[in-house]
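# Fold and contact review
One letter stands for each residue in the lines below.
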Amino acid sequence: MRERILRITIPVVAVVVASFQLYQARAHDQVAWEGGGFGMFATIDAADNRVIISSPPVRLSDSPSVQRALAHPRYLDDLARLIAAGIDRAVTVELAEIVYGDLDVSYRVVARVEETP
Amino acid sequence: MTSIQPQLRDLTPEILIPRLTLLVLLLTAGSDKWRMAAALAVVIVAIPRPRLYTDARFWLAVGGVMAAWNVLQWYAIDNHTFLANYWYLALGMSLLSRAPPAAMAANATALVGVVFAFAVLWKVISPDFPSGNFFEFTLLTDERFEIPARLAGVAEGDLASNRSLLAADVSGTLISGPRLPLVSAVLTWSTLIVESLVAVAFLVPALHRLRYPALIAFAVPTYAMVPVAGFGATLFALAAATAGTDKARAGFTAGFAIIVLWSLLWVALWG
């Protein structure tokens, strides 16, 4: 029994984490490329192919909060709150994903948050 | 080479696999300077001390610290970092076993199978992979795929224009090449077939004879075209752990070295 546990525990953990990441990606728009689900090189929807748009426009750094929001729309709220506090005004923040087909590239908004300071 | 081969064959799995894993620790540290500094410090301290890096507690501690680090931003952590982290913990657990080489082989075999099974699952359910859109888009915009893109007939200047369009975050039309649909289709279906083969070969014991041919069929074209040292080296360290013979272990260790050297050469030649 002990030998069996030593041989299967970590592969089982890998399956659980990958299944959770798969669920997060399908149900909550998390990127497939990261997060332990092994969905790299399977879809165009990578964090690099997502864009954050704010209104009014502000200069967005490559900060961890931007990276978090790109990877998972759930963190768009945090980002909107930070931006609103930084500019001392109401702000709308959107997350847009690339749509590609027949050589055409366009962007589709997949999440939107409004925040007041 | 004749002087290296006997040395590799003399290394037992209990020494060789942890030693390769120390290199994996360095190669998967990524661009975070603190993570790199920590990995470098661990490797410098451990390399001259085989009793340390062959101790289960060492790898369980490394795996535990890495897991605590990774969990903070798990959604943005690369998959090869996850795989390496699983391997540190699996290696630690294997070294607690009464038969460490067999436990290492069992853990590594299952991990390779799981990784490839999920990689295939993702590609099958992806809206853009089976249609060929993923490779079409990637060939036209990802600089890591410049060699197949040029084979598809896309001019160097057009690739640069496509990347500029993407960097500007504006809608537009990408510039293609005459053989793009063909090259995209070949890459799409060969990837699906080879990765499926690796998954079933590692997960179905009756197909164990297919493991090494399938893994080599995946690794040679993939890493020749897109040398990703972190994932490639981790995969070969795991393959070495699954090896049942000294010859196979020496072969995968050589493959590990070739991937690392090729990745360094690639960066030196093409940036």
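Residues numbered from 1 in each chain as written. Chains lettered and ligands numbered in written order. Predicted model: local features only at pLDDT ≥ 70, side-chain atom pairs only at ≥ 80, totals over all residues. Heavy atoms only, no water.

### Considering the overall build of chain B
Along the backbone of chain B there are 14 helices and one strand. On C-alpha atoms alone, chain B measures out to a radius of gyration of 20 Å, which is about the 18 Å that the 2.2 N^0.38 rule sets for 271 residues. When the backbone C-alpha atoms are referred to their principal axes, chain B occupies close to 60 × 45 × 40 Å. Out of the 271 residues belonging to chain B, those deemed buried represent 50%. In chain B, the share of contacts with a sequence separation of at least 24, taken over all contacts with a separation of at least 6, comes to 64%. Surface summary for chain B: the accessible area is close to 12,300 Å², and the carbon and sulfur share equals 69%. (Helix = DSSP H or I, 4+ residues; strand = E, 2+ residues; numbered from the N terminus. Rg over C-alpha atoms; globule rule 2.2 N^0.38 Å. Buried < 20%, exposed > 50% of the residue type's maximum accessible area, 1.4 Å probe, protein only. Contact = heavy atoms within 4.5 Å. Areas by Shrake-Rupley, 256 points an atom, 1.4 Å probe, with all protein chains shown as cover.)

### What about the pairing of strand β2 (residues 91-101) of chain A?
Residues in a regular strand point their side chains to alternate faces of the sheet. Residue and element names in this part refer to chain A. In terms of burial, β2 is a largely internal element, nine of the 11 residues being buried. The pairing of strand β1 (residues 50-55) with β2 spans six bridges and is antiparallel. For Ile52, the partnering residue across the bridge sits in β2 and is Leu95. Bridging between β2 and strand β3 (residues 104-115) involves 11 bridges; their strand directions are antiparallel. Of the residues in β3, the one forming a bridge with Tyr100 is Val105. Here β2 folds back onto β3, and the loop between the two strands holds two residues, one of which, Asp102, carries a positive phi near 50 degrees. (Pairing = 2+ DSSP bridges.)

### Notes on the packing of aromatic side chains
Using the criterion set out here, one finds 19 aromatic pairs over all chains in the structure. Put simply, the rings of A:Trp33, A:Phe41, B:Phe129, B:Phe134, B:Phe135 and B:Phe145 touch in pairs and so form one group of aromatic residues. The side chain of B:Lys123 reaches across the aromatic face of B:Phe129, ending 5.8 Å from its centre. The cationic tip of B:Arg211 hangs over the ring face of B:Phe202; the distance from NZ or CZ to the ring centre is 5.6 Å. (Phe/Tyr/Trp six-rings, centres within 6.5 Å; stacked < 30°, edge-to-face > 60°. Lys NZ or Arg CZ within 6 Å of the ring centre and 35° of its normal.)

### Some details on the sheet that holds β2(A)
The four strands are arranged β1(A)-β2(A)-β3(A)-β1(B) in an open sheet whose pairing can be described as antiparallel. With one partner strand each, in any of the chains shown, β1 of chain A together with β1 (172-173) of chain B form the two edges of the open sheet. The strands touched by helix α8 (residues 133-141) of chain B within the sheet are β2 and β3 of chain A, with β2(A) carrying the most contacts at an inclination of about 105 degrees. (Axes fitted to C-alpha atoms, helices over the stretch in contact; angles between N-to-C directions.)

### Here we look at the packing of helix α2 (residues 13-27) of chain B against helix α5 (residues 56-71) of chain B
Residue and element names in this part refer to chain B. The N-to-C vectors of α2 and α5 enclose an angle of 20 degrees; their axes lie 12 Å apart at closest approach. In terms of orientation, α2 and α5 fall into the roughly parallel class. Pair α2 / α5 crosses with left-handed handedness. Packed against α2, whose contacting residues are Pro18, Thr21, Leu22 and Leu25, the element α5 presents Phe58, Trp59, Val62 and Met66 at the interface. Class assignment of the residues belonging to the contact of α2 with α5 gives a composition of seven nonpolar, one polar and no charged. (Parallel < 35°, antiparallel > 145°, perpendicular 65-115°, else oblique. Left-handed = near helix turned anticlockwise from the far one by under 90°. Nonpolar A, V, L, I, M, F, W, Y, C, P; charged D, E, K, R; others polar.)

### A short note on the side chain of A:Thr92
Within the fold, A:Thr92 resides in strand β2. Of the residues examined, A:Thr92 reaches a relative accessible area of 16% and is grouped as buried.

### Details of the interface of chain B and chain A
The partner chain A presents 50 residues to the 51 residues of chain B that form the contact. Per-residue buried area on chain B facing chain A is highest for B:Tyr75, B:Asn79 and B:Trp122; these three make up 19% of the total on that side. Summed over the shared surface of chain B and chain A, the result is zero salt bridges. If you list the elements that add at least two residues to the side of chain B that touches chain A, you get α6 (79-95), α7 (100-125), α8 and β1 of chain B. (Buried area = accessible area lost by both parts, 1.4 Å probe. Salt bridge = Lys/Arg side-chain N within 4 Å of Asp/Glu carboxyl O.)

### Topic: the pattern of salt bridges
Overall, the coordinates contain 16 salt bridges over all chains when judged by the stated rule. Salt-bridge contacts for A:Asp78 lead to A:Arg81; the nearest nitrogen and oxygen are separated by 3.5 Å. Of this pair, A:Asp78 and A:Arg81 both sit in helix α3 (residues 76-87), three residues apart, which is roughly one turn of that helix. You can call A:Arg81 partly exposed: its relative accessible area is 44%. One salt bridge connects B:Asp55 with B:Arg57, and the closest N-O pair in it is separated by 2.8 Å. The network of salt bridges with common partners includes A:Asp29, A:Asp45, A:Arg50, A:Glu97 and A:Arg108.

### Some thoughts on the confidence of the model for chain A
For chain A, the mean per-residue pLDDT works out to 94, and 100% of the residues sit at or above 70. Mean pLDDT across the secondary structure elements of chain A bottoms out at helix α2 (residues 64-71) of chain A, with 91, and peaks at helix α1 (residues 2-28) of chain A, with 96. (pLDDT = per-residue confidence, 0-100.)

### So, the nonpolar core
B:Trp59, B:Trp87 and B:Leu111 are the most contacted members of the largest nonpolar core, which totals 116 residues. Once you skip the residues sitting within four places of it in the chain, B:Leu111 turns out to touch A:Ile10, A:Pro11, A:Ala14, B:Leu83, B:Tyr86, B:Trp87, B:Ala90 and B:Leu238. (Core = buried A, V, L, I, M, F, W, Y, C linked by side-chain atoms within 4.5 Å.)

### Re a nonpolar patch on the surface
A cluster of nonpolar side chains, contributed by B:Leu197, B:Val200, B:Leu203, B:Val204, B:Leu207 and B:Leu210, occupies part of the molecular surface with about 410 Å² of accessible area. Looking at where B:Val204 falls in the secondary structure, it is placed in the loop between α11 (180-203) and α12 (211-225). (Patch = residues over 30% accessible without salt bridge, like charges linked within 9 Å, V, L, I, M, F, W, Y side chains within 5 Å.)

### Focus: the packing of α6(B) against helix α13 (residues 229-242) of chain B
All names here are of chain B. It is the contact of α6 with α13, at a shortest axis distance of 9 Å, that shows an interaxial angle of 30 degrees. One way to sum up the angle between α6 and α13 is to call them roughly parallel. Every pair of crossing elements has a handedness; the one defined by α6 and α13 is left-handed. Contacts between α6 and α13 involve His80, Leu83, Ala84 and Trp87 on the former and, on the latter, Gly230, Phe231, Thr234, Leu238 and Ala241. When grouped by side-chain class, the residues that make up the contact of α6 with α13 number six nonpolar, three polar and no charged.

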